[in-house]
Amino acid sequence: MNIILFGPPGAGKGTQAKILVEKLNNYQVSTGDMLRDEIQKDTEIGKKIINDMNDGKFVNDEIVNKLIKNIIFDTKKNNKLIFDGYPRSLTQAKNLNLLLDESNQKIDFIFFLNVNKDTIIKRIEKRKIVEKRSDDDLKVILNRYDTYMETTRPVLDFYSRNPNFYEIDGTLEIDQITSKIDQLLKV
Ligand code: AMP
């Protein structure tokens, strides 16, 4: 089963992705984690993206699409993907459809975790203390939210027509969101 977790930064996509990975024995596809890994390893990609990442700006589609392609064509992960933080633009959403078609896969569920701006700010400020992420300063958070509204939100129109699209109240507690997802997945 392939699942997309969609929503603004701080909506809880990563948290739910980890729970789903455990439950379904699937693989988490977090482009954020993949990009942070490139920076930590100081790779060529890492050097190119570090400034954009720290400012809360998007990394360009070409780099992200390349990272995603390797995972989609990894036969071990076939039909076992939990997307968290991808796609984040219309170009990426179209690229994903194309790659899934080419590899004979599809999206089984799209869960939109809907959260308002105030909740996001509170949650990310808390995460900053726990995880010490360098892109979690207030100015950067607001940048990330604006980028989401501008570039990522239009992807909602693209997916909301899909019969497998479900909106979930992302302001609920973690276990409440998990149980809503479970009900929809019937697991
Ligand atoms: P995340 O861990 O998903 O919150 O992502 C952290 C940061 O990584 C974002 O603010 C972007 O700078 C970058 N990033 C992650 N996923 C993508 C993506 N799909 N497209 C472009 N940039 C991304």
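Structure: above.
Our subject in this report is the structure included herewith. (Residues numbered from 1 in each chain as written. Predicted model: local features only at pLDDT ≥ 70, side-chain atom pairs only at ≥ 80, totals over all residues. Heavy atoms only, no water.)

## Digging into the side chain of Ser 89
In step 1: Along the chain, Ser 89 falls in the loop between β3 (81–84) and α5 (90–102).
In step 2: Not counting chain neighbours up to four residues away, the residues in contact with Ser 89 comprise Asp 61, Thr 151 and Val 155. (Helix = DSSP H or I, 4+ residues; strand = E, 2+ residues; numbered from the N terminus. Contact = heavy atoms within 4.5 Å.)

## A word on the layout of surface pockets
In step 1: If you add up the space inside the largest pocket, you get close to 1200 Å³.
In step 2: The wall of the largest pocket is formed by 50 residues, among which Pro 9, Gly 10, Gly 14, Arg 127 and Arg 133 lie closest to the centre.
In step 3: Elements supplying a minimum of two residues to the lining of the largest pocket: β1 (3–6), α1 (13–24), β2 (27–30), α2 (31–40), α3 (44–55), α6 (117–131), α7 (138–160) and α8 (174–185).
In step 4: Top element by residues in the lining of the largest pocket is α6. It accounts for six residues.
In step 5: Taken together, the residues that form the lining of the largest pocket break down as 18 nonpolar, 16 polar and 16 charged. (1 Å grid on protein atoms, 1.4 Å probe; cavity = no way out; pocket = protein on both sides within 12 Å on 5 of 7 lines; lining within 4 Å. Points joined across faces, edges and corners; volume = space filled by probe spheres on them. Nonpolar A, V, L, I, M, F, W, Y, C, P; charged D, E, K, R; others polar.)

## Quick word on unusual backbone geometry
In step 1: Here the bond from Tyr 86 into Pro 87 is cis, since omega is 0 degrees, no more than 30 degrees from zero.
In step 2: Phi at Asp 42 takes a positive value of approximately 55 degrees, unusual for a residue other than glycine.
In step 3: Along the chain, Asp 42 turns up in the loop between α2 and α3.
In step 4: Of the residues examined, Asp 42 reaches a relative accessible area of 48% and is grouped as partly exposed.
In step 5: Its identity is not glycine, yet Lys 186 carries a phi of approximately 60 degrees, on the positive side.
In step 6: Here Lys 186 is to be found in the segment after α8.
In step 7: Note on Lys 186: relative accessible area 74%, which makes it exposed. (Buried < 20%, exposed > 50% of the residue type's maximum accessible area, 1.4 Å probe, protein only.)

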